[in-house]
Amino acid sequence: MSRLPDNLPQILRSYGLKVVVVPGWKTRGRPASTGGFGPVGVLCHHTATTIKTLVAAVIRLLIIGRSDLPGPLCQLALGRDGTVYVIAAGRANHAGTAKASGTVAAGDGNELYIGIEAFNDGVGEKWPVVQYQAYVLLAAVLSVEITKNSVNTVRGHKETSVTGKIDPTFDMDEFRSHVGVKMGEITRPQYRDSRGKYVDHALRDLRKATGKGDRAKNIQAAIAALKLIKPATRTEEH
């Protein structure tokens with residue numbers, strides 16, 4: 001993988017995340033000369049911007065970077081209201097040199113991780129429940145759908161940094177516990193009510209009732225079939 005998939009916004013939305021696509025994201029990334037991008041994990045950060053900083057200003061910073069660090073500074077950003085902003089599909093300047101953490105080896109952090117920058121000042125600001133829950137879900141979806149790796153590849157910058165970074169400010173072991181549960185919910189087979197052949201018969205007859213022919217007779221046949229339905233049982237839908 002050298003870039004995140006073009007349908008990433010659709011993937012995220014399919015799991016209930018609110019997504020805003022930042023124009024140009026598909027082609028945005030660091031030049032190939034700066035290194036590769038083949039993420040095996042998800043790296044969590046905070047922006048160190050205050051609640052008074054306009055969202056547009058934060059997004060602009062994440063796109064263009066700083067005088068000492070050119071952008072993009074992440075692949076994804078996470079607003080305080082739980083909105084996911086898709087910033088870049090390619091390599092970003094967010095991790096630097098990374099030490100081994102969890103099941104991810106040491107190396108070029110910008111190559112190894114998808115970077116998420118969550119809006120938080122990093123100096124005591126509380127994490128809104130809606131933002132934290134979105135953070136958990138986002139990390140889970142990326143792990144299941146994109147990196148296809150375990151929860152042990154979800155790390156905090158403070159866990160991989162060789163320069164003493166402190167982000168994010170929440171407890172990463174607790175966060176991973178929540179992400180792991182969410183990953184299980186995502187991958188667990190969905191369930192449906194099974195009502196057996198009688199429903200099939202009813203549906204067949206109801207379809208006939210919408211077409212030509214003896215409409216009344218078909219409707220009565222469907223009603224009769226529905227009355228024969230036994231209590232629903234729970235079965236896995238594969």
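See above for the structure.
Here the residue numbers are simple positions, counted from 1 along each chain's written sequence. The predicted origin of the model limits local features to residues at a pLDDT of at least 70 and limits the giving and counting of side-chain atom pairs to 80 or more, whereas totals for whole chains, interfaces and linings rest on all residues. The side-chain values count all of the structure's non-hydrogen atoms but skip hydrogen atoms and water molecules.

Novice: Before we move on, could you go through the pairing of strand β9 (residues 113-118) and cite the residues and values that matter?
Specialist: Every other side chain in a regular strand lies on the same face of the sheet, so the side chains alternate between the two faces. Exposed residues in this analysis have more than 50% of their type's maximum accessible area, buried residues have under 20%, and partly exposed residues fall in between, with area computed by a 1.4 Å probe over protein chains only. Numbering of helices and strands starts at the N terminus; helices are DSSP runs of H or I of at least 4 residues and strands are runs of E of at least 2. For β9, a buried count of 6 out of 6 residues is recorded, marking the element as mostly surrounded by other parts of the structure. Think of it this way: DSSP has to see at least two bridges between two strands before they count as a pair. As judged from the 6 bridges shared by strand β2 (residues 41-46) and β9, these two strands associate in the parallel manner. For Leu43, the partnering residue across the bridge sits in β9 and is Gly115. Where strand β5 (residues 76-78) lies against β9, 3 bridges are found, and the strand directions are parallel. Looking at β9, one finds that Leu76 is bridged to Ile116.

Novice: Which residues make up unusual backbone geometry, and what values do they have?
Specialist: Cis geometry marks the peptide bond from Gly71 to Pro72; its omega dihedral reads 0°. Along the chain, the position of Pro72 falls in the loop between β4 (69-70) and β5. Residues other than glycine seldom take positive phi values, yet Ala48 does so here, at roughly 65°. With respect to the helices and strands, the residue Ala48 is situated in the loop between β2 and α2 (55-64). Located in the positive-phi region is Lys148, a residue other than glycine, with phi close to 55°.

Note that all results are geometric; they support no functional claim without further evidence.
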